[in-house]
Amino acid sequence: MIEDEVVLEARGLRREYGSVIAVRGLDLAMAAGEFLTIFGPNGAGKSSLLSMLGGAMRPSAGTVRVRGQPLSFSDHDWQHRIGMMSHRGFLYGRLTAEENLRFYGSLFGLKDLDERVPARLARVGLESRARFEVRQLSHGMRQRLSLARALLHDPDLVLLDEPYTGLDPSAASVLRSVLGELRDGRRTVVMVTHNLREGLAMATRLAVQVAGEFAWEGLNAGVDRDAFERLYHDVVEGRA
Amino acid sequence: MTTYWKQVWVIIWKDLVLEIRSRERIASMAAFAVLAGVLFNFSIDTTTTRTQDVAAGLIWMTLVFGGLIGVGRTFQLEAEDGAFQGVLMSPAPKDAIFLAKTAANFVLLYAMSLLVLGVFAVFFGLEVGSNFPWVALVLGVGALGFVALGTLFAAVSTGTNMGETLLPVLLFPLLVPMVIYGVGTTTRLIAGRPFDEVEANVRMLGAFALAAVAAGAVLFRYVVED
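Here we look at the sheet that holds strand β1 (residues 6-17) of chain A
All names here are of chain A. In spatial order, the strands read β2-β1-β4-β5; together these four strands make up an open sheet with antiparallel pairing. Looking at the sheet topology across the chains shown, the edges are occupied by β2 (20-31) and β5 (69-70). In the sheet, strand β4 (residues 61-66) pairs with β5 via two bridges, with the strands oriented antiparallel. Of the residues in β5, the one forming a bridge with Val 66 is Gln 69. Strands in contact with helix α1 (residues 46-53) are β1, β2 and β4; relative to β1, the strand with the most contacts, it is inclined by about 125 degrees.

Okay, here's the thing in structure tokens:
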């Protein structure tokens, strides 16, 4: 990977919660077009890592750069480049689906919301629910709306935390289709999931995070699911 | 309108729409204001006490405690589904977020202030008369200072284990100068004194409110950053 291709770069990333170390000195560099899936047991620090990569959480130590620009809390340009779908939806329950997207679109300074919002709702199959308050939507619908919110501003770097949790097969299919579109060579995607099938299908790179660090990482050259599952258990149990 | 002010406006819009739809804070603040007016009405012997002498203090006390109910829940409404995290991850500057939330809280508290004034006017038979605009101004300036500090410290207390219990502990000492000037000024205006007599006090209240807004805008980012 040549230096100017790097979209996301983390160096010595560490996060502590009191005496608990969630992420311990993790390094990561990703280029445009790469899709990294991170697997790992509960409590491995995956969500903390994702939150730090997205600028939602300040690292205890280390730095994150997006296209060479450090994530600074006094500078807001980098936020245009990042879209994050957390296990929390970042949605307001008493605003409608459409109002939520319009609200976030306005915060991002988007000009074409009249066209963009209906198009994004349609892409995730929620056009008929545009006027429904979010609290009236099912979990799967909220997940899809959350994805639409994360991608609304066409970010270069997309961070996905457990996007498949609680989705029915139909909703999972919509999500798979949208995530497939993210593999356009322009974007960089980091996804945390426990879903081996979906995680392997999407990834160009794989990592297994255990106790705050990557215990295994490699390229996804058509890895067999069963073989990877065995590897995963070996890695996790080996570090337990 | 610049992007900055559009961001401020859209957050104000969002806060007010959420409040109108949920009515969580409006209802509790209004209920408290009316209840306080009713209770004070029955607890004060108007044959021995001139109501206009004590009304201003009671009005401000109702405002402070009622305001606390509303401002204290500012960020609890945001905590639902982590929505405020989404706002913090947007390019909206932190001071724009603070100004917007302060403005939305101001709308609520000022509406409550006028309600309190009306309730006390009815129950205490206050005749504010031609000084009504000035009393409304004083309450407005006081409400601005209150919500600026209240919004800042609500963000502080929401991020702690103590939650709402911490808010009055942090907030009340800083409100003392505002309440002293506010009560003194309101008392004179209710007594029918001319505005010229209290203009210096109103300026002090205004300076306090502006200082609170400016300090909040500067400090808010340090409070909400993880």
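On we go.
Quick look at the sheet that holds strand β10 (residues 213-219) of chain A
Residues and elements named next belong to chain A. Reading across from one edge, β6-β7-β8-β3-β9-β10 is the order of the six strands in this open sheet, with mixed pairing throughout. The outermost strands of the open sheet, each flanked by one partner alone, are β6 (82-85) and β10. The sheet shows a mean angle of 15 degrees between the axes of neighbouring strands, taken without regard to direction. Two elements, strand β3 (residues 35-39) and strand β8 (residues 188-192), share four bridges in a ladder whose sense is parallel. By the bridge assignment for β8, Phe 35 is matched with Val 189. Across the sheet, α1 lies against β3, β7 (157-161), β8 and β9 (205-210), angled at about 155 degrees from β8, the strand it touches most. Docked against the sheet, helix α4 (residues 139-151) engages β6 and β7, running at close to 170 degrees with respect to β6.

So, the environment of Asn 195 of chain A
If you trace the backbone, Asn 195 of chain A turns up in the loop between β8 and α6 (196-202). C-alpha separation for the pair Asn 195 of chain A and Leu 8 of chain A, spaced 187 residues apart in sequence, amounts to 24 Å.

A few points about the interface of chain A and chain B
Residue-level contacts link 25 residues of chain A with 24 residues of chain B. In terms of residue count, helix α2 (residues 97-107) of chain A provides more of the side of chain A that touches chain B than any other element does, four residues in total. Of the residues in the side of chain A that touches chain B, the class split is twelve nonpolar, ten polar and three charged.

Points about the packing of helix α7 (residues 132-158) of chain B against helix α9 (residues 199-224) of chain B
All names here are of chain B. α9 packs onto α7 with a crossing angle of 20 degrees between their chain directions and a minimal axis gap of 8 Å. Considered as vectors, α7 and α9 are oriented roughly parallel to each other. In this structure, α7 crosses over α9, and the sense of that crossing is left-handed. Facing α7, whose interface residues are Leu 137, Val 138, Val 141, Gly 142, Leu 144, Gly 145, Ala 148, Leu 149, Thr 151, Leu 152, Ala 155 and Val 156, α9 presents Val 202, Leu 205, Gly 206, Phe 208, Ala 209, Ala 212, Val 213, Gly 216, Leu 219, Phe 220, Val 223 and Val 224. Of the residues that constitute the contact of α7 with α9, the class distribution is 19 nonpolar, five polar and no charged.

Some remarks on the packing of α2 of chain A against α4 of chain A
Residue and element names in this part refer to chain A. Viewed as axis vectors pointing N to C, α2 and α4 meet at an angle of 20 degrees, and their least axial separation amounts to 10 Å. Considered as vectors, α2 and α4 are oriented roughly parallel to each other. The interaxial crossing formed by α2 with α4 has right-handed handedness. Contacts between α2 and α4 involve Ala 97, Asn 100, Leu 101 and Tyr 104 from the former and Leu 145, Ala 148 and Arg 149 from the latter. Here the residues of the contact of α2 with α4 are counted per class, giving five nonpolar, one polar and one charged.

Regarding unusual backbone geometry
All names here are of chain A. The phi dihedral of Arg 67 falls on the positive side, at around 50 degrees, and the residue is not glycine. Structurally, Arg 67 is set in the loop between β4 and β5. On the basis of neighbour count, Arg 67 is assigned to the partly exposed category, with 16 C-beta atoms found within 10 Å. The phi angle at Asp 154 is positive, at roughly 50 degrees, despite the residue not being glycine. Inspection of the secondary structure assignment puts Asp 154 in the loop between α4 and β7.

Basis of the calculations
- Residues numbered from 1 in each chain as written.
- Chains lettered and ligands numbered in written order.
- Predicted model: local features only at pLDDT ≥ 70, side-chain atom pairs only at ≥ 80, totals over all residues.
- Pairing = 2+ DSSP bridges.
- Helix = DSSP H or I, 4+ residues; strand = E, 2+ residues; numbered from the N terminus.
- Contact = placed C-beta atoms within 7 Å.
- Axes fitted to C-alpha atoms, helices over the stretch in contact; angles between N-to-C directions.
- Nonpolar A, V, L, I, M, F, W, Y, C, P; charged D, E, K, R; others polar.
- Parallel < 35°, antiparallel > 145°, perpendicular 65-115°, else oblique.
- Left-handed = near helix turned anticlockwise from the far one by under 90°.
- Buried ≥ 20, exposed ≤ 12 C-beta atoms within 10 Å, placed from the backbone.

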